[in-house]
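Below are the chains, spelled out letter by letter.
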Amino acid sequence: MSRVKLPRGAEPPYRVFVNGVPQQEGTDFKVVGDELHFARTLEKEKLGLGRWTAIFLGLFGSYGKDDQVDVQYQLRGRTAHATGLDIEQP
């Protein structure tokens, strides 16, 4: 299970996307306090200097797994968006 912290002041309704695909509350994730808890494990690729250099030089043709979580929410009565939120593992 992976967790994603909601932006400060975020209020429902939440529209959640993983890699651009809409997620369903209750099936794909649940809201716990100020976090989204996902039923599956999400991963954010961490690029060290060596890996970044190899990609830059074209030594690797593909990237590792890099999930992106985007959220649409309400903030003081207005619709707001957050993209590329940090993914935390339990």
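Up top you'll find the structure we're talking about.
The shown structure was predicted, so the numbers you read here are calculated from the model rather than taken from an experiment. (Residues numbered from 1 in each chain as written. Predicted model: local features only at pLDDT ≥ 70, side-chain atom pairs only at ≥ 80, totals over all residues. Heavy atoms only, no water.)

This brings us to the nonpolar core. What tends to happen in soluble globular proteins is that the nonpolar side chains get buried as a cluster. In this structure, Val16, Leu36, Phe38, Val69 and Val71 are the most contacted members of the largest nonpolar core, which totals 17 residues. Broken down by secondary-structure element, the contributors of at least two residues to this core are strand 2 (11-18), strand 5 (35-38), strand 6 (69-75) and strand 7 (78-82). In this structure leucine 36 touches Ser2, Arg3, Val4, Leu6, Val16, Phe29, Lys30, Val31 and Val71, once residues within four positions along its chain are discounted. (Core = buried A, V, L, I, M, F, W, Y, C linked by side-chain atoms within 4.5 Å. Buried < 20%, exposed > 50% of the residue type's maximum accessible area, 1.4 Å probe, protein only. Helix = DSSP H or I, 4+ residues; strand = E, 2+ residues; numbered from the N terminus. Contact = heavy atoms within 4.5 Å.)

Attention now moves to the pairing of strand 4 (residues 29-32). Of the strand pairs in this sheet, strand 4 and strand 5 are connected by 4 bridges, and their pairing is antiparallel. Bridge pairing links valine 32 to glutamate 35 in strand 5. Hairpin remark: strand 4 followed by strand 5, antiparallel, with 2 residues in the connecting loop; positive phi at glycine 33, about 65°. (Pairing = 2+ DSSP bridges.)

Taken in spatial order, the 4 strands line up as 3-2-6-7 in an open sheet, and their pairing is antiparallel. The two strands at the open ends of the sheet, each matched to only one other strand, are strand 3 (21-23) and strand 7. Neighbour to neighbour, the strand axes of the sheet diverge by 25° on average, direction disregarded. With 5 bridges joining them, strand 6 and strand 7 adopt antiparallel strand pairing. Pairing of glutamine 72 across the sheet is with histidine 81, part of strand 7. (Axes fitted to C-alpha atoms, helices over the stretch in contact; angles between N-to-C directions.)

Read these as layout, nothing more, since geometry by itself doesn't imply function.
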